[in-house]
Amino acid sequence: MSAGPGEIILAPMAGFTHSPFRRLARRLGADRTWTELISADMILRQGVEDPLLHFTPEERPLVVQLFGNDPETLYLAACTVAEKLRPDGLDLNLGCSVRKIVSRGAGAGLLRHPERLRSCIRALVLAARSYGLPASAKIRLGWDQDRLEEIATLLVTEGVSTIVVHPRLGVEGFSGRARWNRIRDLQNLVGDKVLVVGNGDISRWEDIDRMKEETGCAAVMIGRAALKNPWIFEEYRRKRSILRGARERASLALDLLEEMARFFRPETAAKKIKAFLAQLFKGIPYKKDFLPPLLTAPDYRTLCLLLQDLAGCPPRD
C-alpha cells in the first residue's frame, strides 16, 4: 500500500515538500512523505535528474506523485521512476486545483473526464505492478459536483491500493470547510478493499484523532498545518501542544535553510524558503517587526544573518 494503517503523512505541496523539508518532517515524526506533484511529460523529456525527484533514505517510505492526462505518457514516466528510483509507491494527482494544472486536463481537472481518468489510473497501476509497487490516487470529491462514489468505484475497480481524499470540490480550492462526513462515506463504501487516508482542515494535533474518530479513516495526511507548525507530528506523538515562539521557529528555519542550500544553490534556497517563512511565522506576536526583513532579504548571507539574530545564536560559517 502507498500508506499504512495509523500513519500520519506529510502531504505533497508544490514548492514546499522538497527533499530537505521532507527530511525535516520525518525527523519531527511524520511516518511517510510524498513528493510534490511531478509532471509525467517532464520526466520523459528530462529523465529523473530533476531535483523534484531526488530523495534520500531518510525520507522513506516515500511515494512519488505524478500528474498528467495522457495514459501512455503516465505509463512510461511511472515505469522510468519505478525502475530508476525505486520509490515506495506511485500516486496519481487528482486533487490539484491550480489553474495551470487544471487547464492541461490534469490534477482535479481530470475528474471531469471519467473515461480518460480510467485510462490514466489504469496506466499508473499497470506500471506500478510491473515493478512490484503499490499505486494510489489523491482525489477531490469531484470538479464542480460531488461524484465521490463514482470516482472511488472507478479507482477501486482499476486496482489502486490507497485513496487519499481531500473532501472539497476542485472548484472550491481551499475555501469553505472540508466535508469530513464524505471521508466516512468513502470508508464505508470501500471497506477493507483499499486503505483510506483523510486529508483537509487539520490545524492542530487534536484534529488528527478527531478525524480518525469521525471518519474511520485508516491514516491522516497533513498539508498546510505542517508549514505553520512543523512540530505537529511530534505533538501528536506526545499528545500535547508545545508553544514555539519566534526564536525557536527561526532556529528551525535556519537549519532548514542551510540544508536547502546544500541541496539547491544557496541563492535558490534563500528564494525558495521565503514562502515557508511566511507560513511559519503566522500568528506569532510582533512578526511585523522581523518578518518583512526576512521576506525581503536580498541574498542568502543576509537571510542567514537575520535568522541567526532572531534565533539568538552566534553567526555560523
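Preceding this paragraph is the structure being described.
Rules and cut-offs
- Residues numbered from 1 in each chain as written.
- Predicted model: local features only at pLDDT ≥ 70, side-chain atom pairs only at ≥ 80, totals over all residues.
- Heavy atoms only, no water.
- Helix = DSSP H or I, 4+ residues; strand = E, 2+ residues; numbered from the N terminus.
- Rg over C-alpha atoms; globule rule 2.2 N^0.38 Å.
- Buried < 20%, exposed > 50% of the residue type's maximum accessible area, 1.4 Å probe, protein only.
- Contact = heavy atoms within 4.5 Å.
- Areas by Shrake-Rupley, 256 points an atom, 1.4 Å probe, with all protein chains shown as cover.
- Lys, Arg positive; Asp, Glu negative; His and termini not counted.
- Charge placed at Lys NZ, Arg CZ, Asp CG, Glu CD.
- Pairing = 2+ DSSP bridges.
- Phe/Tyr/Trp six-rings, centres within 6.5 Å; stacked < 30°, edge-to-face > 60°.
- Lys NZ or Arg CZ within 6 Å of the ring centre and 35° of its normal.
- Patch = residues over 30% accessible without salt bridge, like charges linked within 9 Å, V, L, I, M, F, W, Y side chains within 5 Å.
- Salt bridge = Lys/Arg side-chain N within 4 Å of Asp/Glu carboxyl O.

Chemist: Account for the overall build of the protein, with residues named and values stated.
Modeler: Counting its secondary structure elements, the protein contains 14 helices and nine strands. Whereas a compact globule of 317 residues would reach a radius of gyration of roughly 20 Å, the protein reaches 19 Å, a difference of no more than 12%. Principal-axis analysis of the C-alpha atoms places the extent of the protein at approximately 60 × 45 × 35 Å. Of all 317 residues assigned to the protein, the portion counted as buried reaches 58%. Sequence-distant contacts in the protein: of pairs separated by 6 or more residues, those separated by 24 or more amount to 68%. For the protein, the exposed surface amounts to about 13600 Å²; the carbon and sulfur share of it is 50%. Seen as two clouds, the 48 positive and the 39 negative side-chain charges of the protein have centres 3 Å apart.

Chemist: Provide a residue-level description of the pairing of strand 4 (residues 62-67), including the pertinent values.
Modeler: With six of its six residues buried, strand 4 lies for the most part within the structure. Across the two faces of strand 4 the burial is the same, with Leu 62, Val 64 and Leu 66 and Val 63, Gln 65 and Phe 67 all buried. One ladder, built from two bridges, connects strand 2 (residues 32-34) with strand 4; its direction is parallel. Bridged to Trp 34 within strand 4 is Val 63.

Chemist: Give a detailed account of the environment of Gly 47, specifying residues and quantitative values.
Modeler: Residue position: Gly 47 is located in the loop between helix 2 (40-46) and strand 4. Spatially, the C-alpha atom of Gly 47 lies 9.5 Å from that of Lys 84, the residues being 37 residues apart in sequence. Discounting chain neighbours no more than four positions away, the residues touching Gly 47 are Met 42 and Leu 53.

Chemist: Account for the packing of aromatic side chains, with residues named and values stated.
Modeler: This structure, assessed with the given rule, holds three aromatic pairs. The interplanar angle of 85 degrees and the centroid separation of 4.7 Å between the aromatic rings of Phe 263 and Phe 264 together place this pair among those described as edge-to-face. Using a relative accessible area of 21% as the deciding quantity, one classes Phe 263 as partly exposed. When its relative accessible area of 14% is taken as the criterion, Phe 264 is described as buried. Ring plane angle 75 degrees and centroid distance 5.2 Å describe the contact between Phe 281 and Phe 290, whose orientation is recorded as edge-to-face. Sitting above the plane of the Phe 174 ring, Arg 140 keeps its charged end 5.3 Å from the centroid.

Chemist: For the environment of Pro 298, give the residues involved together with the corresponding values.
Modeler: Here Pro 298 is to be found in the loop between helix 13 (287-295) and helix 14 (300-311). The exposure class of Pro 298 is exposed, given its relative accessible area of 67%. Each C-alpha atom, one on Pro 298 and one on Ser 251, is 20 Å from the other, the two residues being 47 residues apart in sequence.

Chemist: Tell me about a positive patch on the surface, and please be specific about residues and values.
Modeler: Taken together, the side chains of Arg 224, Lys 228, Lys 282 and Lys 287 make up a positively charged region of the molecular surface. By secondary structure assignment, the location of Lys 282 is in the loop between helix 12 (266-280) and helix 13. Residue class for Lys 282 comes out partly exposed when judged on its relative accessible area of 43%.

Chemist: Outline unusual backbone geometry, listing residues and values.
Modeler: Across the junction of Arg 60 and Pro 61, the peptide omega takes the value -5 degrees, indicating a cis bond. Its location among the elements puts Pro 61 in the loop between helix 2 and strand 4. Residue Arg 86 is not a glycine yet carries a positive backbone phi of 50 degrees. Tracing the backbone shows Arg 86 in the loop between helix 3 (71-85) and strand 5 (89-94). Overall, the relative accessible area of 44% leaves Arg 86 in the partly exposed class.

Chemist: Please give an account of the environment of Cys 96 that cites residues and values.
Modeler: For Cys 96, the position within the fold is in the loop between strand 5 and helix 4 (99-102). Considering only alpha carbons, one finds Cys 96 and Tyr 131, 35 residues apart in sequence, at a separation of 26 Å.

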